[in-house]
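If you want the building blocks of each chain, they are given just below.
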Amino acid sequence: MKSSRILLSIAAALFLSGSATAFAQGARPGAPPAAPAGGAKAGKEADLLPAEPSISQHTGTFNGKTVSYTTEAGWIPIRDDGKVVAKMFYVGYTKNGVTDVSQRPLIISFNGGPGTASVWMHMGFTGPRRVTYDDDGFQQKPPAGIEDNPQSILDVADIVYLDPIGTGFSRMVEGEDLHKFHGKMADIQSVGDFILTYVNKKDRWTSPKFIIGESYGTTRASGLVASVQQRFQMYINGVILVSATELDVDRGPEINFATGIPTKTATAWYHKQLPADLQSKPLKAVLAEAENFAMNELLVALGKGDQLSAAERDAVAAKIARFTGLSKEYVLQANLRIDFARHWKEMLRDQRYTVGRLDTRYIGIDKDAAGERPEYSPELADWNGPFGAAINKYLRSELKYNPDIQYNIWGNVRPWAQDDNVSVGEMLRTAMRDNPYLKLMVTGGYYDAACDYFNAMYTVHHLQPGGEFKDRYRFAWYESGHMMYLRKPDLKNANDDLRSFISWALEGAKDYPRKAKPRQ
């Protein structure tokens, strides 16, 4: 994959000792070494999944509306040339009493990694039950509890959460290649096969359909919408990218140094490291200044390379320091190019603290205050325990789906085939080209330094540079990090924004949306 931050080269320092790769949503701490491609074979775990789904009835209040719904936990066979080679686990929520499913949207939801289960959005964002966190989205004393989620979008849509192969309860069948579906396009194919089978089994061809992915799941979603369109003639109404990756959209390193400035500004603002005049302003006002500087001054300066005069270099360094909470001397030593890892380590070095990667509001404590990069990701350490406890309690105790295997929050999906010759951004563009009704929503948090918001805007603005798609996408940003829904004000706002997007995507069109303008 072309994105340097989707698969970060700093993985060894952050997560996996000895590994060359870390993923957008994080990497599984303590993951075993990757098996050679095509070498490892699956064991008997798939045989331990119950033959029949667990089905239960529930009632909840979502967005002020009482909804009676059916929950189904089970698996769908994934076939290769007619042979079942894998079982993909899912939890589906369907509103009861719906007689016309053409009026009831279906949302297909997954997370990222690659190699993580759908637990994060399921138990944190859009599902009917969620992990308990404090109002600002920080962990409470373990073990974590589970509470109702009154913000869930079940009032307006049915949802199915799926776990890609190797994650959650999804497994390859005994004797099959353990990593058969561990690669960009193989993963898209297997998830597409799931969607086709699910839509067929549940008779949802006439339902409006939406795909929502988070983190690396945005890479999957962008390719998937084109894949199901081309393979199955299944046209999707909307794609929602939560904490978006770069989607393989071409850019040079100087672009990333520039587009990363606003998130560094947000981080410094949150930790009160900015000059007093900036610190006193609302976050969005400060970000507007940082965005303007990044694209209209810094990018130009970086483009000059060694032709930048000493005076120009000093002035630019001062402004970078002003917007990032770093010293001008450090910026000059780094040749005006501050990557995120250095910012995480340097900004609070004098306090012997680091800041998080996926959510820079979090503070980490390394063994020593020297070095270039943090030794771990404090926010991921915060999230793993509560979500692991909550999903196991929910599935095994509340939904009575309790196979004698581990629910893999993080699965062993390495090696992961990058398929560098394929651009999922281009796949998304062609899907929007071929389906003029397809709409796009991109959301995230200002404090996400793995999938930073301004970089996501750059990506979307360059899908169709001529501007023909400008009226078919929208952005929504929140004062939180990668999983912005953990903060309760953003949980409500983000779900309300999803409702608004679904409504917008399904607005009736009086005429076919493409018409030539009369020549003057």
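In case you missed it, the structure is sitting above this.
Everything numeric in this text was worked out from a predicted model, so none of it was measured.

## Examining the environment of T70
Piece 1. By secondary structure assignment, the location of T70 is in strand β2 (residues 65-80).
Piece 2. C-alpha of T70 to C-alpha of D306: the two residues are 236 residues apart in sequence and 64 Å apart in space.
Piece 3. Every residue in contact with T70, bar those within four places of it in the chain, is listed here: I55, S56, Q57, G92, Y93, T94 and N96.
Piece 4. Of note is the side chain of T70, whose polar atom sits 3.0 Å from the side chain of Q57.

## Focus on the nonpolar core
Piece 1. Formed by 91 residues in total, the largest nonpolar core has its most connected members in F194, I320 and L440.
Piece 2. A total of nine residues in this core trace back to one element, the largest contributor, which is helix α8 (residues 283-304).
Piece 3. Core analysis: the second largest hydrophobic core is formed by 61 residues, A73, A117, A157 and L380 among them.

## Structural notes on the environment of V413
Piece 1. Residue placement: V413 occurs in the loop between α12 (378-398) and α13 (424-434).
Piece 2. For the pair formed by V413 and H179, sequence separation is 234 residues and the distance between their alpha carbons is 6.4 Å.
Piece 3. Leave out the neighbours within four places in its chain, and V413 touches P114, G115, I165, H179 and H182.

## What to know about a nonpolar patch on the surface
Piece 1. There is a patch of nonpolar side chains on the surface, built from Y353, I363 and I365 and spanning about 260 Å² of accessible area.
Piece 2. Exposure remark for I365: the relative accessible area of 55% places this residue in the exposed category.

## Things to note about the pattern of salt bridges
Piece 1. Under the definition given, this model contains 32 salt bridges.
Piece 2. The salt bridge partner of K492 is D496, with a shortest N-O separation of 3.1 Å. Pair noted here: K492 and D496 are both in helix α15 (residues 488-505), with a separation of four residues, about one helical turn.
Piece 3. Judged by its relative accessible area of 37%, K492 is partly exposed.
Piece 4. Linked by salt bridges that have partners in common, R130, D135, E147 and K488 make up one network.

## A closer look at the environment of M457
Piece 1. With respect to the secondary-structure elements, M457 resides in helix α14 (residues 453-461).
Piece 2. In sequence terms M457 and Q103 are 354 residues apart; their C-alpha atoms lie 32 Å from each other.
Piece 3. Sequence-distant contacts of M457, defined by excluding residues within four places in its chain, comprise F475 and W477.

## Some thoughts on the packing of helix α6 (residues 261-270) against α8
The packing of two helices is summarised by the inter-axis angle and the distance between the axes.
Piece 1. Between α6 and α8, the least distance of the axes is 8 Å, while the angle of their chain directions is 145°. Both α6 and α8 take part in a crossing whose hand is right-handed. Counting all contacts with α6, which are made through I261, P262, T265, A266 and W269, the residues of α8 involved are L283, V286, L287, A290, E291, F293, A294 and L298.
Piece 2. In terms of residue class, the contact of α6 with α8 is built from eleven nonpolar, one polar and one charged.

What counts and how
- Residues numbered from 1 in each chain as written.
- Predicted model: local features only at pLDDT ≥ 70, side-chain atom pairs only at ≥ 80, totals over all residues.
- Heavy atoms only, no water.
- Helix = DSSP H or I, 4+ residues; strand = E, 2+ residues; numbered from the N terminus.
- Contact = heavy atoms within 4.5 Å.
- Polar contact = N/O pair within 3.5 Å; in protein donor to acceptor, adjacent residues only side chain to side chain.
- Core = buried A, V, L, I, M, F, W, Y, C linked by side-chain atoms within 4.5 Å.
- Buried < 20%, exposed > 50% of the residue type's maximum accessible area, 1.4 Å probe, protein only.
- Patch = residues over 30% accessible without salt bridge, like charges linked within 9 Å, V, L, I, M, F, W, Y side chains within 5 Å.
- Areas by Shrake-Rupley, 256 points an atom, 1.4 Å probe, with all protein chains shown as cover.
- Salt bridge = Lys/Arg side-chain N within 4 Å of Asp/Glu carboxyl O.
- Axes fitted to C-alpha atoms, helices over the stretch in contact; angles between N-to-C directions.
- Left-handed = near helix turned anticlockwise from the far one by under 90°.
- Nonpolar A, V, L, I, M, F, W, Y, C, P; charged D, E, K, R; others polar.

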